[in-house]
Amino acid sequence: MMGQRSLVAASLLALVSLATPALAHPNHAAATPTLAPWQQASAWPDRIITTFETDPTTSFAVTWRTDARVTQAVAEIVRATPDARFDLGATRKAADSEPLDLETIKTAGQELKMTWNAGLAPVTYHSINFDGLEPDTLYAYRVGGGDGKWSEWFQVRTAPKSGPIKFLYVGDAQNGVLSHWSRLIRAGYQKMPDARFIIHAGDLVNRGSRDIEWAEWFKAVGFIHGMIPAIPVSGNHEYDSFGIIPAQRRLLSALWRPQFRLSSVESLPATLRETVYKVAYGPDLDIFVLDTTSEDLAAQASWLDQALSQSKAKWRIVTMHHPIFSSGEGRDNLSRRNLLLPIFAKHKVDLILQGHDHTYARGTIAETDPQRPERSVVGGAEDVAMMFVNSVSGPKQYKFKSSRWDEYAPSGVRLDRFGEGTQFFQTIEINGGALQYRAYAATGELYDSFDMSKDAAGKKQVTKGPVATMEQRTYGPNFPYRDFKDPQ
Ligand SMILES: [Fe+2]
Ligand SMILES: [Fe+2]
């Protein structure tokens, strides 16, 4: 076995040296970065993260990493019990394993030397989809590395067939991921430790192919990734601008697909594999994930239109990176809005969760009856069609539009709450026809809230949630706007 591994490792090394002459990315610094010890792979599993590939009521997926000496790995799963030796009946399964050369990316007939990953040895990503599970059941699993090197046992609960669903949603982490974002995401976990999943609405890191930034992202969340599945959304910073390939100006990070085991939409172009997908979280909630950086947005839009038509779920959420209504000063996404907003409106998507603008913004499009417009608000409850949120979880902050969305008035959207200079996480709880939304600062203080209800006929109303404990957040005159550096 060891001989076989050595042979594979030697082949990988040979591949790396054959990769020259390679082209340097013009934006890469020439200096070799200092490697953090916790960034480097070993024979032990690390960067363990749970996701959804198939039905969350009966399955969940896990991905982990080792160094390239480990070419095959196994994982074990068992129903969790109070028994101290719950593990004795565990089932062992073989993982899917793929090597990844972090220094050289082979794409479009070229080999790109990733100097920002210089000095990093090739790694192997392993993944498995645990399926055939029971709904709303707690499972324990562990993942293997080389020769008996196991992770600890993690516990994950499958989705319920009915009953409440709680989850977290965060906007851009992107910068200062270990130094500043870690406290925010950990505060989110403390606020809602029984969250069933976490939506990361794009720009998880600043440079999507730079390994140290992912090392920070995994270290910041730590064991939480092994317990609460992630629903990652790709943002523009998960794409790298390889100016030396004119035909493909932007490419999805080489790390995205190896490190997240997600589902795909068969009918869409292969470039959208594992960046455009649907998560049907039990019968009450469908989540549609879009890739708004991709140039294949029209194909996504027609898939979404069809998928929303077929959706039987009580609640439908779309999550994507670029917001329909921009909140950062000087920013707008006109073509995306023109393409997607009519589809959202046609299907009255309940909630649109976005990022990109490094501010906080929440706005409503009310449901109006042209015959009786005064009926849209009665007794503090407003008839609503759609709710839009842009949020930010990392430390880099932009200035909010001085227009406060006035230019979007023809769309019928009304800005309900905005904020600057603050990191946020959001908790969302769905219980039958009731949805509770809360936005909190990293200190756990409430910044924004609403409650939404939906009756059997699909009629939605919004009422105010608990009153915020924080004042409106705006910049002071000396706030360090956009000032955040990448890790060295
Ligand atoms: Fe961003
Ligand atoms: Fe972005």
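Keep in mind the model is a prediction, meaning the values are calculated, not measured.

Draft legend 1. Molecular detail of the overall build of the chain. What the chain contains, in helices and strands, is 7 helices and 28 strands. Looking at the chain as a whole, 57% of its 488 residues qualify as buried. Of all intrachain contacts in the chain linking residues separated by at least 6 positions in sequence, the fraction that spans at least 24 positions is 73%. Total accessible area on the chain stands at roughly 19900 Å², and carbon and sulfur atoms take up 52% of it.

Draft legend 2. Representation of the coordination of the iron ion (ligand 1) in the model. Bound to the iron ion (ligand 1) on the protein side are Asp172 (OD), Gln174 (OE1), Asp203 (OD) and His358 (NE2), at distances that span 2.1 to 2.2 Å. In this structure, the iron ion (ligand 1) is surrounded by 4 donor atoms whose angles at the metal cover 86 to 176 degrees, and the resulting shape is irregular. Here the donor residues of the iron ion (ligand 1) share one chain and are spaced in sequence as D-x1-Q-x28-D-x154-H. Here the iron ion (ligand 1) and the iron ion (ligand 2) are spaced 3.2 Å apart, and both take Asp203 as a donor. Highlighted residues: Asp172 in the loop between β12 (165–170) and α2 (177–191) and His358 in the loop between β20 (351–354) and β21 (360–366), separated in sequence by 186 residues.

Draft legend 3. A look at the pattern of salt bridges. Counting across every chain of the model gives 27 salt bridges. Across the pair Arg210 and Glu213 runs a salt bridge, and its minimum N-O distance is 3.2 Å. Here Arg210 and Glu213 have matching classes, each one buried. Residue Lys459 is joined to Asp383 by a salt bridge in which the shortest nitrogen-to-oxygen separation is 3.1 Å. Taken together, the residues span a long stretch of sequence, with Lys459 in the loop between β27 (446–454) and β28 (460–464) and Asp383 in strand β23 (residues 381–390) at a distance of 76 residues.

Draft legend 4. Looking closely at the coordination of the iron ion (ligand 2). The coordination sphere of the iron ion (ligand 2) contains the protein donors Asp203 (OD), Asn236 (OD1), His321 (NE2) and His356 (ND1), at a distance range of 2.1 to 2.2 Å. Of note is the iron ion (ligand 2), whose 4 donor atoms meet at the metal with angles of 88 to 161 degrees in an arrangement that counts as irregular. Here the donor residues for the iron ion (ligand 2) map to a single chain with the spacing D-x32-N-x84-H-x34-H. On the basis of relative accessibility, which here comes to 1%, the residue Asp203 falls in the buried class.

Draft legend 5. Quick peek at the layout of surface pockets. Here the second largest pocket is characterised by a volume of approximately 400 Å³. Taken together, 21 residues make up the lining of the second largest pocket; nearest its centre are Arg362, Ser449, Thr463, Lys464 and Gly465. Contributions of two or more residues to the lining of the second largest pocket are made by β21, β23, β24 (413–419), β27 and β28. The dominant element in the lining of the second largest pocket, judged by the number of residues it contributes, is β27, at 4 residues.

Draft legend 6. Focus on the pairing of β12. In terms of burial, β12 is largely enclosed, as 5 of its 6 residues are buried. Examined bridge by bridge, β12 and strand β25 (residues 424–431) share 5 bridges and lie antiparallel to one another. For Tyr169, the partnering residue across the bridge sits in β25 and is Gln426. In the sheet, β12 pairs with strand β13 (residues 198–200) via 3 bridges, with the strands oriented parallel.

Draft legend 7. Quick peek at the environment of Arg337. Secondary-structure assignment places Arg337 in helix α7 (residues 334–347). Judged by its relative accessible area of 10%, Arg337 is buried. As for Arg337 and Phe325, which are separated by 12 residues in sequence, their C-alpha atoms are 7.6 Å apart. Among all residues touching Arg337, those that are not within four sequence positions of it are Ile324, Phe325, Asp332, Pro342 and Tyr408. For Arg337, the side chain forms a polar contact with the side chain of Asp332, separated by 2.7 Å.

Draft legend 8. Spatial organisation of the sheet that holds strand β3 (residues 60–67). Pairing is antiparallel in the open sheet, where 4 strands are placed in the order β2-β3-β9-β6. Among the strands making up the open sheet, the edge pair consists of β2 (46–51) and β6 (96–100). With strand direction ignored, the average angle separating the axes of adjacent strands in the sheet is 20 degrees. Pairing of β6 with strand β9 (residues 123–130) involves 5 bridges; the strand directions are antiparallel. Its bridge partner lying in β9, Ser97 is registered against His126. Across the sheet, helix α3 (residues 211–221) is in contact with β2 and β3; its angle to β2 comes to roughly 65 degrees.

Draft legend 9. Focus on unusual backbone geometry. In this model, Asp203 sits at a positive phi of 55 degrees, which is unusual for a non-glycine residue. For Asp203, the position within the fold is in the loop between β13 and α3. Phi at His356 is positive, roughly 80 degrees, even though this residue is not glycine. Within the secondary structure, His356 is located in the loop between β20 and β21.

What counts, and at which threshold
- Residues numbered from 1 in each chain as written.
- Chains lettered and ligands numbered in written order.
- Predicted model: local features only at pLDDT ≥ 70, side-chain atom pairs only at ≥ 80, totals over all residues.
- Heavy atoms only, no water.
- Helix = DSSP H or I, 4+ residues; strand = E, 2+ residues; numbered from the N terminus.
- Buried < 20%, exposed > 50% of the residue type's maximum accessible area, 1.4 Å probe, protein only.
- Contact = heavy atoms within 4.5 Å.
- Areas by Shrake-Rupley, 256 points an atom, 1.4 Å probe, with all protein chains shown as cover.
- Donors = N, O, S within 2.8 Å, 3.2 Å for Na, K, Ca; no water.
- Tetrahedral: all angles 85-135°; square planar, octahedral: opposite > 155°, others 65-115°.
- Salt bridge = Lys/Arg side-chain N within 4 Å of Asp/Glu carboxyl O.
- 1 Å grid on protein atoms, 1.4 Å probe; cavity = no way out; pocket = protein on both sides within 12 Å on 5 of 7 lines; lining within 4 Å.
- Points joined across faces, edges and corners; volume = space filled by probe spheres on them.
- Pairing = 2+ DSSP bridges.
- Polar contact = N/O pair within 3.5 Å; in protein donor to acceptor, adjacent residues only side chain to side chain.
- Axes fitted to C-alpha atoms, helices over the stretch in contact; angles between N-to-C directions.

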